[in-house]
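A closer look at the structure
Residues per chain, in single letters:
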Amino acid sequence: MMEIKSGNYRIVIIIGHLAIKFPVIHLRSGIKSLIHEIKRGRFLKYYKNDILYWGCSKSYLFDGIICNWQEYRFYRQTKLAILMPTYFSFFGLFNIQKRGQILDIYDGDLFSQLYNLTNGEIFDDGHAFGNHKNFCIESGKLVMIDYCKNTRNVLKKYGEKIQQEFD
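Residues numbered from 1 in each chain as written. Predicted model: local features only at pLDDT ≥ 70, side-chain atom pairs only at ≥ 80, totals over all residues. Heavy atoms only, no water.

**A look at the sheet that holds strand β2 (residues 10-15)**
Which entries qualify depends on this criterion: If DSSP finds at least two bridges between two strands, the strands pair. Secondary structure elements follow DSSP: runs of H or I of four or more residues count as helices, runs of E of two or more count as strands, with numbering from the N terminus. To get an axis, a line is fitted to the C-alpha atoms, and for a helix only the part in contact is used. The angle between two axes follows their N-to-C directions and goes from 0 to 180 degrees.
As summarised here, the arrangement of the five strands in space is β1-β2-β3-β7-β6, forming an open sheet in which the pairing is antiparallel. Two strands lie at the open edges of the sheet, namely β1 (2-6) and β6 (86-89), each paired on one side alone. Across the sheet, the axes of successive neighbouring strands diverge by a mean angle of 20 degrees, strand direction being ignored. Alignment of β1 against β2, held across five bridges, turns out to be antiparallel. Paired with Ile4 across the two strands is Ile13, which belongs to β2.

**A closer look at the side chain of Arg10**
Just so we agree on the cut-off: What qualifies as a polar contact is a pair of N or O atoms within 3.5 Å, subject to a donor-acceptor requirement within protein and to the restriction that residues adjacent in sequence count only when both atoms come from side chains. Residue contacts follow a heavy-atom distance rule, with two residues in contact if any of their heavy atoms lie within 4.5 Å.
Within the secondary structure, Arg10 is located in strand β2. A distance of 2.5 Å separates a polar atom in the side chain of Arg10 from a polar atom in the side chain of Asp146. Arg10 has contacts with Lys5, Lys21, Phe22, Pro23, Val24, Gly64, Cys67, Asn68, Glu71, Asn95, Asp146 and Cys148, leaving out every residue within four places of it along the chain.

**A few points about helix α5 (residues 152-165)**
How we decide: Helices are assigned an expected span. That span is 1.5 Å times one less than the residue count. A residue's bend is simply the angle between two axes: one fitted to the seven residues ending at it, one to the seven starting at it. Exposed residues in this analysis have more than 50% of their type's maximum accessible area, buried residues have under 20%, and partly exposed residues fall in between, with area computed by a 1.4 Å probe over protein chains only.
With 14 residues, α5 extends 19 Å between its outermost C-alpha atoms, agreeing within 8% with the 20 Å of an ideal straight helix rising 1.5 Å per residue. At Tyr158, α5 shows its maximal kink, close to 65 degrees. Considered for burial, the residues of α5 that qualify are Val154, Leu155, Tyr158, Gly159, Ile162 and Gln163.

**A closer look at the packing of aromatic side chains**
The test is simple: Any two of the Phe, Tyr and Trp rings considered here, Trp counted by its six-membered ring, make a pair once their centres fall within 6.5 Å; the pair's planes then place it as stacked at under 30 degrees, edge-to-face at over 60, or tilted in between.
This structure, assessed with the given rule, holds eleven aromatic pairs. Their ring planes at 40 degrees and their centres at 6.1 Å tell us that Phe22 and Phe94 sit as a pair that is tilted. With Phe22 in strand β3 (residues 18-23) and Phe94 in the loop between β6 and β7 (95-98), this residue pair connects regions lying 72 residues apart in the sequence. Where Phe111 meets Tyr115, the ring centres are 6.3 Å apart and the plane angle is 25 degrees; that geometry is what we call stacked.

**Regarding unusual backbone geometry**
In this structure, Asn119 takes a positive phi of about 55 degrees despite not being glycine. With respect to the element layout, Asn119 can be found in the loop between α3 (107-117) and α4 (126-129). In this model, Ser139 sits at a positive phi of 55 degrees, which is unusual for a non-glycine residue. Among the secondary structure elements, Ser139 is positioned in the loop between β8 (135-138) and β9 (141-144). On the accessibility criterion, Ser139 (73% relative accessible area) is exposed.

This is the structure:
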């Protein structure tokens, strides 16, 4: 049985015990935005984490690819127990991850517990930590299945504590 789920940056196809994440690329909006940025002289903005950032065109065209690639690299580098394993990435064009059963909890309760367990540091990426769809229970422990944005520092620092103490 196959399921398809979509988020802001990616579409996930669930097949059996695997989740395959594809980037969402808004080609038309990205090209329109890129033309606008070039006309206004705002094409090149700044560098962050060795990635050249553009204006909105970057988001429309590349955020899904960047999320996939960052998620894969973060898992490969850390192998943190709180991360759902990302087995493979084809340069961010698609990721293969272990499937997880979405956590069944009210978002406010999730956010409150994580806020307390991290001394409020989940505000680095409140959207990711406040969304129950980014988590599941694996072998009785809380596991994060979407960890591409600003979650890394919090997960490195508090991942083990969250797994041990999350109720």
